[in-house]
Structures are given as C-alpha cells and as structure tokens.
Amino acid sequence: VIDTFRKISQNVIEVGGIAFTGSRGIQSVEIRLDDGDWRPCLVKEPLSQFSWSLWRISVDISPGKHRLYVRVIDGNGEVQTEERNNTFPRGATGYHSIKIEIK
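Undergrad: Account for the packing of aromatic side chains, with residues named and values stated.
TA: By the definition in use, this model includes two aromatic pairs. Taking the centre distance of 5.3 Å and the plane angle of 40° together, the rings of Phe20 and Trp52 count as tilted. Note that Phe20 is positioned in the loop between strand E2 (12-19) and strand E3 (26-33) and Trp52 in the loop between strand E5 (42-43) and strand E6 (53-60), a separation of 32 residues in sequence. The exposure class assigned to Phe20 is partly exposed, which follows from its relative accessible area of 36%. Look at Trp52 and you get partly exposed, because its relative accessible area is 49%. Where Trp38 meets Tyr95, the ring centres are 5.1 Å apart and the plane angle is 70°; that geometry is what we call edge-to-face. A residue pair is termed long-range when its members are at least 10 positions apart, and Trp38 in the loop between E3 and strand E4 (39-40) and Tyr95 in the loop between strand E7 (64-74) and strand E8 (96-102) qualify at 57 residues. Grouping residues by exposure puts Trp38 and Tyr95 together as buried. Directly above the aromatic system of Tyr69 lies the positively charged group of Arg32, at a separation of 4.3 Å from the ring centroid.

How each quantity is defined
Residues numbered from 1 in each chain as written. Predicted model: local features only at pLDDT ≥ 70, side-chain atom pairs only at ≥ 80, totals over all residues. Heavy atoms only, no water. Phe/Tyr/Trp six-rings, centres within 6.5 Å; stacked < 30°, edge-to-face > 60°. Helix = DSSP H or I, 4+ residues; strand = E, 2+ residues; numbered from the N terminus. Buried < 20%, exposed > 50% of the residue type's maximum accessible area, 1.4 Å probe, protein only. Lys NZ or Arg CZ within 6 Å of the ring centre and 35° of its normal.

This is the structure:
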C-alpha cells in the first residue's frame, strides 16, 4: 500500500507505505512511476512475521500528472499479480496505485 508521498526537491518525491505477506515474508517491495520500470524500495525489517513492513523510496519525477504503482515479491519469490481479487478466500491481490500531480 502507498500511504504517503512528499516533494523533497523540485524533481524528487519520497514515497512510503506498508506491505504484508503473512508468514511468507517479504523479499522486496517495488514501485513503478507511470509505465516505467519497477524499482526496488528500501524495506524495514518487520517486528514479527505477522507485522506490516514499512517501505520507502525517493523517485525522480517531472511536473504533471502521474500514477504510482506498488507491488511485493514475497519470501517465496512470488511476484504480486496485477489482477484484482477480494480478500476471501485466499487474500486480496492487485497492485495498489495512486494518482498524483506535481507542480
């Protein structure tokens, strides 16, 4: 989940959020700006295997409207799918994304 972003300079934003995969653990969290490449985020070690992990990243960005996407690669190497499903019966899937505008 993308929880927050803030502009830290003219062309850079810092983005942060939380991730959870239960007992599978988190291998990495990745973010994508618009249709760009996926980039690895810094992930803080969770307090336990059943705690959310905090993540963050600084992203170079140009003025205008953009969309940010986030996905997780779990401890088994499984990449989160883009396909959206409800939480029941096996847990929610799909990328979380937000629209932003940089002035």
